[in-house]
Amino acid sequence: MVPFSMRVLHAQFSMYLNKPNEALERLYTLQNTSNKILKNLESGKTEDGSIAELKPDDREASITLWNDRSKTLLFCIGNVLLQTREYEAAIKTYELILEKSEGDAVYLQSGIGRALLQLGNIKSAQHRFAKAEQAAKEDPNYKLQLIMNRAFLYLGTSNWKEALTQFNEVLKLNPQHLEALNNKSVCLLYLCRLKDAISSLETAVWMQNNDSKDFLQNQLPLEGALSNLVTLYELESSRFMTKKQTLLHHIAGISGDGFDVTCLKM
Amino acid sequence: MDNSKEHPLILRVMRLTKPSIITSSPLHNEASDTLPSIMGHSSTQLPAYGTGETLILPHSFGNIFLGETFVSYLSVNNESGSDVTSVSLTADLQTGSQRITLSNKSLNESLKPETSLDAVINHEVKELGNHILVCIVKYNRPNGETRSFRKFFKFQVLKPLDVKTKFYNIECDQVYLETQIQNITPSPICMEKVSLDPSTMYTVQSLDISTHGEFNSQSYTKPSEVRQYLYWLKLKPAHLKKAFTEAASIIGKLDIVWKSSLGERGRLQTSQLQRAIMTPRDLLVQVNKVPERLKVLEPFEVLCKLTNYSDRSKQLMVKYENQSNLLWQGSSGFALDKLNPKESCFITMHLLPTSVGIQSISGMKVVDTELNRTYEFDDIHQVLVA
């Protein structure tokens, strides 16, 4: 009995080995199975297709579980397609998720907008961010996401000054928002303010400690922030080695074994 | 390179391409997989979407293409323990053909230790090949002596697009231009605008069927993919007289704007495109009006325009000869009034289609009675007979 998550891992490992086609094949096979199971459940049978009685509660729980798993698979497929720069196919996959669950609409539309910005299709990105705003329906929980979206649009048109304003707005709402602190320093760099850029990133990095609940959530952005900070140290002066070593000490103290220290480029 | 030991100041340079957004393949776990109380940390709310919100600064110089904007950060840092006075930084770009000054900054007060003089330079790259960024730093030693040092950074500007053009001359005053644009950069690009700026003698109509929606066929071009565009150019009526001359050969230039990662913009204009001039002809027959629906064995009328492009006035006679499945009706030959140079007259032709399908109007002969020369006009128009 192999756990579902392990099957997904098995598929995703192919990506890390640079075999995206294999990853996609495995993911689509899992998706196929998941769809069959859902079809069986919805037509009154058990998961494997046999005719047996399932209590309505059990059936409900099973359908929810498999719907969630199907959604996870679609996310994985979309991410693999994005990494191989198949933008059109990736976005069509994400659209399938949007059809299934409305709850993720703001998050997904914002994400797709960012992917389109990465591609260079600014107009379509704008379109997607507008859809995200519509889906948010004035809910204050989404306010932060919408401001981040606005900031990204400004980045797309190289309007560093306005992007900086937007990231500062995010920081007013959440002064510990790691991505906003990082992106703020990127804007400062392009506005010819190297020292301010470094100080913003140092704030971001030094406020991390392993007690914070968000540490795991922040792991990837932290790697990004560290990589940027190291790049800025190298730009600032030729004596960057001591600063990098100080960083390494700090990170070693707060991170677990899984942290990738190659981002420090030592 | 000469620095720290000899000079108190250090020059650091970094190219500022647009940052990229961090991407990942997030791993998935379910609540039933983890034992939070025993195993320590686990997260059930990991983000599932691959493109995050963290910007990553460029790690290397990368590629630079013709039409893009070269942006770079320059920083002069004081790494000595004491103040340095009269610091100035000049940045020039040396290309194959010219030297442009991109930045010239100086400080009035002295530069304190561990502080720097920074500049960001911007330049739209308009030439291919080798470019050299020359940075000159000048300062004064405590004894008043002016010292300087320079640093050179060489980079190659590559060609981003391969543009091929093909002309289809259909009449002396109309031409179709087909252009194929190939993306020869290593990343996908979005063609934001591809347009033909016509020369003063022509009007242009783009024949692209653009579909609405996010991913229409024009949206993005992967590396080595080719996009094709079609334009219909017509000589303006005022310039019709110059149809066979040199002046009509220049039709305009292509203006291409594209965007790549995070909106990095590039722009290229081709040189003036030229079509082949058609061999000059004395007379030209053009069809002006043809009825749309034609039925077999039902006669129809065609209005056509006969233009005299030569320099002498002509006394002409029109003769018809049945050559195809469209039969001429009416008189088979008649004389026209005297036709002056660069002028035209209108002739109404009567035809009878005898079979179904695409038929060609052929068999019109125009005779110059003075020179005794016959001009034959075949296939002047095709019609569909139902």
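Residues numbered from 1 in each chain as written. Chains lettered and ligands numbered in written order. Predicted model: local features only at pLDDT ≥ 70, side-chain atom pairs only at ≥ 80, totals over all residues. Heavy atoms only, no water.

As recorded in an unreviewed UniProt entry, chain B goes by the name Trafficking protein particle complex subunit 13, listed as coming from Ciona savignyi. UniProt's Sequence similarities (unreviewed entry) comment on chain B is quoted here verbatim: "Belongs to the TRAPPC13 family." Recorded under Subunit (unreviewed entry), the UniProt text for chain B is reproduced unchanged: "Part of the multisubunit TRAPP (transport protein particle) complex." (UniProt positions renumbered as here; feature names shortened; annotations may be inferred.)

## Things to note about the side chain of Arg-15 of chain B
All names here are of chain B. Residue position: Arg-15 is located in strand 1 (residues 9-15). Buried and unpaired, Arg-15 has no salt bridge, with Glu-68 as the nearest side chain of opposite charge at 4.4 Å. For Arg-15, the side chain forms a polar contact with the main-chain oxygen of Phe-61, separated by 2.8 Å. Polar side-chain contacts of Arg-15 include one of 3.0 Å to the backbone oxygen of Asn-63. When neighbours within four sequence positions are excluded, Arg-15 is seen to be in contact with Pro-58, Phe-61, Gly-62, Asn-63, Ile-64, Glu-68, Phe-70, Val-71 and Ser-72. (Helix = DSSP H or I, 4+ residues; strand = E, 2+ residues; numbered from the N terminus. Buried < 20%, exposed > 50% of the residue type's maximum accessible area, 1.4 Å probe, protein only. Lys, Arg positive; Asp, Glu negative; His and termini not counted. Salt bridge = Lys/Arg side-chain N within 4 Å of Asp/Glu carboxyl O. Polar contact = N/O pair within 3.5 Å; in protein donor to acceptor, adjacent residues only side chain to side chain. Contact = heavy atoms within 4.5 Å.)

## Overview of unusual backbone geometry
A positive phi is found at Arg-85 of chain A, a non-glycine position, where the angle reads about 65°. On the secondary structure map, Arg-85 of chain A appears in the loop between helix 3 (56-83) and helix 4 (87-100). One non-glycine residue, Ser-224 of chain B, lies in positive phi territory at about 65°. Residue classification places Ser-224 of chain B among the exposed positions, given a relative accessible area of 52%.

## Some remarks on the packing of aromatic side chains
In this description, an aromatic ring pair is defined by two values, namely the gap between the centres and the angle between the planes. In this structure the tally under the stated criterion is 13 aromatic pairs over all chains. Arranged with centres 4.9 Å apart and planes meeting at 55°, the rings of Tyr-94 of chain A and Tyr-49 of chain B form a pair that is tilted. Linking Tyr-94 of chain A in helix 4 with Tyr-49 of chain B in the loop between helix 1 (36-39) and strand 3 (51-56), this pair reaches from one chain into another. Overall, Tyr-94 of chain A belongs to the buried group, its relative accessible area being 0%. Taking the centre distance of 4.0 Å and the plane angle of 20° together, the rings of Trp-160 of chain A and Tyr-190 of chain A count as stacked. (Phe/Tyr/Trp six-rings, centres within 6.5 Å; stacked < 30°, edge-to-face > 60°.)

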